[in-house]
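Chain and residue survey
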Amino acid sequence: MAGKATRTAFGETLARLGAENPRIVVLDADLSKSTMSDFFASKFPDRFFDMGIAEGNMVGAGAGMALAGMIPFICSFATFVVGRFEQIRMSVGYSRANVKIVGTHCGIGIGPDGYSQMALEDIALMRSLPNMAVVQPGDAIEAERAVEYIARHDGPVFLRLTRQNLNDVNPPDYKFEFGKGVVLRPGRDMTIMATGGVVGNALKAAALLAQKQVDAQVVNIHTIKPIDRDLIGRVALSQGKILTVEDHGIVGGLGSAVAEVVAELGRGRVKRVAVEDYAESGDPDGLYKKYGLSEDNIAAKALELLHD
Amino acid sequence: MEIEKLKTIAKEMRVDIIRMLTEAGSGHPGGSLSCIDIIVTLFFSKLRYRPNDPNWADRDRFVLSKGHCVPALYAVLAKLGTLPHDELLSLRKLNSRMQGHPDRNRTPGIEASTGSLGQGLSVALGMAMAGKTMKKDYRVYCMISDGESQAGQVWEAAMAAPKFKLDNLCVLLDYNKIQLSGAVRDIMNLEPLAEKWRAFNWNVTEIDGHDFGAILKALNDAEKVKDKPTLILCHTIKGKGVSFMEGKWEWHGKSPNREEGERAVQEILARN
């Protein structure tokens, strides 16, 4: 388990898909060496467009290319591209343009670059657009399979990727099912629902809980929109207690999506573990401890919820 | 002969614009009237377009980035037969396809959903990039406004088009010099405007945007330019054709009442 960043798996997969599908084009905003769209650029220079540091224009140009029949992947750090929300709202969402928005460097897990580069509000924004799908893989295998799916998906998608390497949480023969949560570890007492780079920590937290005779189920929610209402409903009715974990702000992300389903159901409890402030520079592990995304804190919050 | 035809159509379009806006009770007459001569010339003398097959893959594209002036485009699409003429009077009404601003998914013939100023040129840019990538020979036309040119995104797109050598892209700038709350030069001056586009490496021509011959010539000339996009800076008059609206910022975003509407129609019909 050497681990690989989901951005790297994305870049490799996109470069492979480029050979199969001539309609795929890639736009980047001077970050292709970081978003890993560089792999595609070196193989297909005629279908790669560096738009410079002008993300609003990149969103619109991507929309125009999609409306002309191509499948554009527009890439930047998640906070920079989603920051052009109004362009995405009009030119992509409302226009029903088949644009794949790829945001890397999500969350505090990026570490030393600090808050300005950390996407922490992006899921909330993208989730608010009626036809926008939101996908966040939890390891490299899932990223690869998700990218394969997204290239086929008809409609706009926001794909949220990590800068940091992630250990595998899925088996090599993993099959990506859009919109379906994945039970990574069964458990009777409660459920931890996690997404993206912190799925691994959720599994570690479940191991810590097992030492305390708590049998926690761990579910990976790779598709935050459309959310897996059936799975959440089943858990809410059977176990009642759901802890959500994500490297995103506490408002509007996975925790909110799950809480909305549970509140409408009128049964069950939700507790959210997420980032509750503007973050800062630091080493990723230190940041995860400080902002509550470490396995210790996830386990502690799970116990609080269980005994509440 | 062709010019006379365009003149006659433009007059008819002005009447439709006034009738639509009067019936709607809100909307933007000033900018619709300033750009109509350009749109008429483009659609009736230049654009490769099949009125009954508006999604034809090889069509030329026209993106109306100054989306608030969509009554001008609806009138033209109705004249061509893409839209039924009697639908025009449902402008801005509930359940109508005639949205207050362009909506490509509701209305046949509308290429891009616009209305948030500054965005349409980027979409047109993408269409032109796709044309080059797919080796298709369609052209992309985009109309922007002067007030809109205050948006940074316009200049992001302006920087990108020459980089990709988009000689299939032609921007029509409706320079009526008035925006919602006053004169452009007072709100946020754009001058020197032609020089700005030249400095961004565009082929630039300046014309009278109400001179059909000049519009047609500029459109024809733009097609001959290689490896560069073209900007046609069209000097126009806000509210052109209706004397009490001409040059008045008050008529940027106010529809005429019944009496004003009737007076406007009579004047348009009486003019040469």
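Report on the accompanying structure. (Residues numbered from 1 in each chain as written. Chains lettered and ligands numbered in written order. Predicted model: local features only at pLDDT ≥ 70, side-chain atom pairs only at ≥ 80, totals over all residues.)

Contacts between the two partners involve 26 residues from chain A, matched on the other side by 21 residues from chain B. Broken down by secondary-structure element, the contributors of at least two residues to the side of chain A that touches chain B are helix H4 (55-67) and helix H6 (85-94) of chain A. At nine residues, H4 of chain A tops the list of elements feeding residues into the side of chain A that touches chain B. Its residues assigned to classes, the side of chain A that touches chain B comprises twelve nonpolar, ten polar and four charged. (Contact = placed C-beta atoms within 7 Å. Helix = DSSP H or I, 4+ residues; strand = E, 2+ residues; numbered from the N terminus. Nonpolar A, V, L, I, M, F, W, Y, C, P; charged D, E, K, R; others polar.)

Before going further, it helps to examine the environment of Phe-176 of chain A. All names here are of chain A. With respect to the helices and strands, the residue Phe-176 is situated in the loop between strand S8 (165-166) and strand S9 (182-185). Sequence separation between Phe-176 and Tyr-149 is 27 residues; the distance between their C-alpha atoms is 7.7 Å. When near neighbours in sequence (up to four residues on either side) are disregarded, Phe-176 contacts Glu-142, Arg-145, Ala-146 and Tyr-149.

Before going further, it helps to spend a moment on the sheet that holds strand S10 (residues 190-194) of chain A. All names here are of chain A. Taken in spatial order, the five strands of this open sheet run S9-S11-S10-S13-S14, and their pairing is mixed. Looking at the sheet topology across the chains shown, the edges are occupied by S9 and strand S14 (269-275). Averaged over all pairs of adjacent strands, the angle between strand axes in this sheet comes to 25°, irrespective of strand direction. Looking at chain direction, strand S13 (residues 241-249) and S14 are connected through six bridges and run parallel. Following the sheet pairing, Leu-243 is matched in S14 by Lys-271. Each of S10, strand S11 (216-220), S13 and S14 touches helix H13 (residues 295-307); the most contacted strand, S13, lies at about 145° to it. (Pairing = 2+ DSSP bridges. Axes fitted to C-alpha atoms, helices over the stretch in contact; angles between N-to-C directions.)

All right, on to unusual backbone geometry then. The peptide bond linking Lys-225 of chain A to Pro-226 of chain A adopts the cis configuration, its omega dihedral lying at 0°. Position of Pro-226 of chain A relative to the elements: it lies in the loop between strand S12 (223-225) and helix H10 (229-238). For the peptide bond that leads from Glu-191 of chain B to Pro-192 of chain B, omega is -5°, which places it in the cis range. Considering the arrangement of structural elements, one finds Pro-192 of chain B in the loop between helix H6 (184-188) and helix H7 (193-199).

All names here are of chain A. In this model, H13 (13 residues) spans 18 Å end to end at C-alpha, consistent with the 18 Å of a helix rising 1.5 Å per residue. Those residues of H13 not exposed but buried are Glu-295, Ile-298, Ala-299 and Ala-302. Buried residues of H13 fall within an arc of 100° about the axis and therefore sit on the same side. For H13, exposure combined with an orientation more than 90 degrees from the buried face picks out Glu-304 and His-307. (Expected span 1.5 Å × (residues − 1). Buried ≥ 20, exposed ≤ 12 C-beta atoms within 10 Å, placed from the backbone. Arc of directions from axis to C-beta.)

Further remarks concern helix H4 (residues 120-133) of chain B. One full turn of an α-helix is made of 3.6 residues, so residues set three or four places apart face in the same direction. Residue and element names in this part refer to chain B. If you check H4, its first and last C-alpha atoms are 20 Å apart, about what 14 residues at 1.5 Å a residue would give, namely 20 Å. Counting buried residues along H4, twelve of its 14 residues qualify, which places the element largely inside the surrounding structure. Immediately downstream of H4, the backbone of Lys-135 shows phi near 55°, a positive value.

What follows is about the sheet that holds strand S6 (residues 133-135) of chain A. Residues and elements named next belong to chain A. Taken together, the seven strands give an open sheet; going across it, the order is S3-S2-S4-S5-S7-S6-S12, and neighbouring strands pair in mixed fashion. In the strand order of this sheet, the two ends are held by strand S3 (48-50) and S12, each with one partner. Each neighbouring strand pair of the sheet contributes to a mean axis angle of 20°, computed without reference to strand direction. Note: strand S2 (residues 24-28) against S3, three bridges, orientation parallel. Note that in S3 the partner of Val-26 across the bridge is Phe-48.

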